[in-house]
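Below, each chain spelled out in residue letters.
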Amino acid sequence: MSGKLYGVGLGPGDPSLMTVRAVEVIAEADVVAYHSARHGRSIARSIAARHLRADHIEERLVYPVTTGTTDHPGGYQGAMDDFYAEASARLAAHLDAGRTVAVLAEGDPLFYGSYMHMHKRLADRYDTEVIPGVTSVSAAAARLGAPLAEGEEVLTVLPGTLPEEELTARLAATDVAVVMKLGRTFPKVRRALEAAGRLAEARYVERATMDGERLAPLADVDAGSVPYFSVAVLPSRAGAERPAREAGEVVVVGTGPAGPSWLTPETRGALAAADDLVGYTTYLDRVPVRPGQRRHGSDNRVEAERAEFALRLAQRGRRVAVVSGGDPGVFAMATAVLEAASAPEYAEVPVRVLPGVTAANAAAARAGAPLGHDYAAISLSDRLKPWEVIEARLGAAASADLVLALYNPGSRSRTWQVGKARELLLEHRAPDTPVVVARDVGGPGERVRIVRLADLDPATVDMRTILLVGSSQTRVVRRGDGEDVVWTPRSYPRA
């Protein structure tokens, strides 16, 4: 009869934080296994030392390489794969002999732990139980005395070994974060925190609950003093006092065509860091509510007033995010903010524009690749420019054989523009020219259709619709699944 395998979580380092179940399992085990570096010392063994018996069989699983180099033909990964295979075979021999094996793991066995490599190789063959332990993340938050995550906040746990740009993007996008595996990655992690605008709030925790514990603002830590057993923590922002500033800023952000899945990491970070959110109420509703933030919603027809309001808030030291749908620079709020910011009284207010997925790109992706060649974007709204200008631009773009992305094609108060545009386009385009009619892309009412230009029905077009009108080269192809895709070749016939 085979023995039983246990993965035993020991907690973050203080032996008194071991669970009762962990102590029981070690006491009952025939074999106690633990990982160590070549020097032979094992932190896991030192945590559990008081519970080890003289008659315990100890299996020391010594890593062939940690941070150094190896001459293994498969490189580092090859050396580690061979090690895990050999170590699991040693444990399997004990299990086959009917012995109970307890594999010790700092923290929690299945949270960035070495035990999981044994688990993946043995748990499908032997009776197995995993004993959870207090993680270093929980220990760090407890030692800092700072809430880790509250309410709707999102906690992100990152290994410091990620590429610097990836760390920066994820740190900018999340509410709360813990970065593990510092040591030699610390300089990179510090740069990523600074680039994400989060360095001032970052805290450093070294050897939480162990001898030699150290807590400090991360910005004050000397990189040369950082061991592997340390973490960076961005604690909860809920209830935290937002810093007073002599000067604020305005960041104009695009939320894409619909909900949160269309936000970029940079935009998520700007929205999370803002003191005030300003925007059309429909777009503000796409942004999660965060404690301490003020939201200023307004009607969609007061862009200039909204822009000046945001700039005045920034003059009082507030960090303001002006929320726009789609991309803020495409028929949206960036122009209004920059126009207002060009006035002398706002010349000193910093203004940034962060891009978003615009409606044309979102609709094109749903339909295939209709914007694969040159195209023009034109708004059919005559609220801010005369129809005669729109008509002239439509004619010029159509005669140039450009694919057209027609924004704001219709609304309850504008019902005739689509029909007029169709008539004009038919003077330059064949009746069977494909038109993508995309409504509410990314939203609950999404509907994307492909129709012939001659069959375009203005009654099916409203303010939530965008039209993509193909060129003479645009093709519609029915795929094997029965779905039609639209694409415009990147090449163009020579004259």
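The name recorded for the protein chain in an unreviewed UniProt entry is Precorrin-2 C(20)-methyltransferase, from Streptomyces sp. SID14436. In its Pathway (unreviewed entry) section, the UniProt entry covering the protein chain states "Cofactor biosynthesis; adenosylcobalamin biosynthesis." Taken verbatim from the UniProt record of the protein chain, the Sequence similarities (unreviewed entry) comment is "Belongs to the precorrin methyltransferase family."

Engineer: Honestly, the packing of helix α13 (residues 387-399) against helix α14 (residues 417-426) in this entry has me stumped. Any pointers?
Structural biologist: A pair of packed helices is captured by two measures, namely the crossing angle of their axes and the spacing between those axes. Where α13 contacts α14, the two axes come as close as 10 Å, and the packing angle between them is 35°. Seen along the crossing, α13 lies across α14 with a hand that is right-handed. Contact residues: Trp 387, Glu 391, Leu 394, Gly 395 and Ala 398 in α13; Gln 417, Lys 420, Ala 421, Leu 424 and Leu 425 in α14. In terms of residue class, the contact of α13 with α14 is built from 6 nonpolar, 2 polar and 2 charged.

Engineer: Mind showing me how you'd approach the side chain of Thr 135 here?
Structural biologist: Here Thr 135 lies in the loop between β5 (128-131) and α5 (136-144). Within the structure, the side chain of Thr 135 is placed 3.2 Å from the backbone nitrogen of Ser 138, a separation counted as a polar contact. Other than its neighbours up to four places away in sequence, Thr 135 contacts Pro 12, Gly 107, Asp 108 and Phe 111.

Engineer: Would you mind going over the sheet that holds strand β4 (residues 101-105) with me for this structure?
Structural biologist: By definition, the strands of a sheet pair up through backbone hydrogen bonds, in either a parallel or an antiparallel sense. Spatially, 5 strands are ordered β3-β2-β4-β1-β5 in an open sheet, and the strand pairing comes out parallel. The sheet is open, and its two borders are formed by β3 (57-62) and β5, each paired with just one other strand. Recorded for the sheet is a direction-independent mean angle of 20° between the axes of neighbouring strands. As paired strands, strand β1 (residues 5-9) and β4 are joined by 5 bridges and run parallel to one another. In the sheet register, Val 8 faces β4, and the bridge partner there is Leu 104. Lying over the sheet, helix α1 (residues 20-28) contacts β1, β4 and β5, oriented at roughly 140° with respect to β1. Along the sheet, helix α3 (residues 75-96) makes contact with β1, β2 (31-36), β3 and β4, crossing β3 at roughly 170°.

Engineer: Would you explain the side chain of His 94 in this entry?
Structural biologist: In this structure, His 94 sits in helix α3. Among residues more than four places away in sequence, those in contact with His 94 are Val 31, Ile 57, Glu 59, Arg 99 and Val 101.

Engineer: So what exactly am I meant to see when it comes to the pattern of salt bridges here?
Structural biologist: Side chains bearing opposite charge may pair, as long as their charged atoms lie close to each other. Across all of its chains, the model carries 27 salt bridges by this definition. Glu 213 is the salt-bridge partner of Arg 143, the closest N and O atoms lying 2.9 Å from each other. Taken as a pair, Arg 143 in helix α5 and Glu 213 in the loop between β8 (203-206) and β9 (214-217) lie far apart in primary sequence, 70 residues in all. Note that Asp 276 and Arg 318 form a salt bridge whose closest N and O atoms lie 2.6 Å from each other. Here Asp 276 is found in strand β12 (residues 276-280), whereas its partner Arg 318 is found in the loop between α10 (303-315) and β14 (319-324), with 42 residues between them in sequence. Through salt bridges with shared partners, a single network forms among Lys 4, Arg 21, Glu 24, Asp 127 and Glu 129.

Engineer: In this structure, what is going on with helix α8 (residues 265-273)? I would like to understand it.
Structural biologist: One turn of the α-helix equals 3.6 residues, which is why residues spaced by three or four share an orientation. Inspection of α8 places Thr 267, Gly 269, Ala 270, Leu 271, Ala 272 and Ala 273 among the buried residues, and these make up the whole buried set. In this structure, the buried side of α8 is in contact with α6 (164-173), β11 (249-254), β12, β14 and β15 (351-354).

Engineer: Whenever I open this one, α13 confuses me. Can you help?
Structural biologist: With 13 residues, α13 extends 18 Å from end C-alpha to end C-alpha; this agrees with the ideal 18 Å at 1.5 Å per step. Every buried residue of α13 is accounted for by Trp 387, Ile 390, Leu 394, Gly 395, Ala 397 and Ala 398. Contact partners of the buried residues in α13: β17 (375-379), β18 (403-407) and α14. Downstream of α13 by one or two residues, Asp 401 has phi in the positive range, about 65°.

About the criteria used
- Residues numbered from 1 in each chain as written.
- Predicted model: local features only at pLDDT ≥ 70, side-chain atom pairs only at ≥ 80, totals over all residues.
- Heavy atoms only, no water.
- UniProt positions renumbered as here; feature names shortened; annotations may be inferred.
- Axes fitted to C-alpha atoms, helices over the stretch in contact; angles between N-to-C directions.
- Helix = DSSP H or I, 4+ residues; strand = E, 2+ residues; numbered from the N terminus.
- Left-handed = near helix turned anticlockwise from the far one by under 90°.
- Contact = heavy atoms within 4.5 Å.
- Nonpolar A, V, L, I, M, F, W, Y, C, P; charged D, E, K, R; others polar.
- Polar contact = N/O pair within 3.5 Å; in protein donor to acceptor, adjacent residues only side chain to side chain.
- Pairing = 2+ DSSP bridges.
- Salt bridge = Lys/Arg side-chain N within 4 Å of Asp/Glu carboxyl O.
- Buried < 20%, exposed > 50% of the residue type's maximum accessible area, 1.4 Å probe, protein only.
- Expected span 1.5 Å × (residues − 1).

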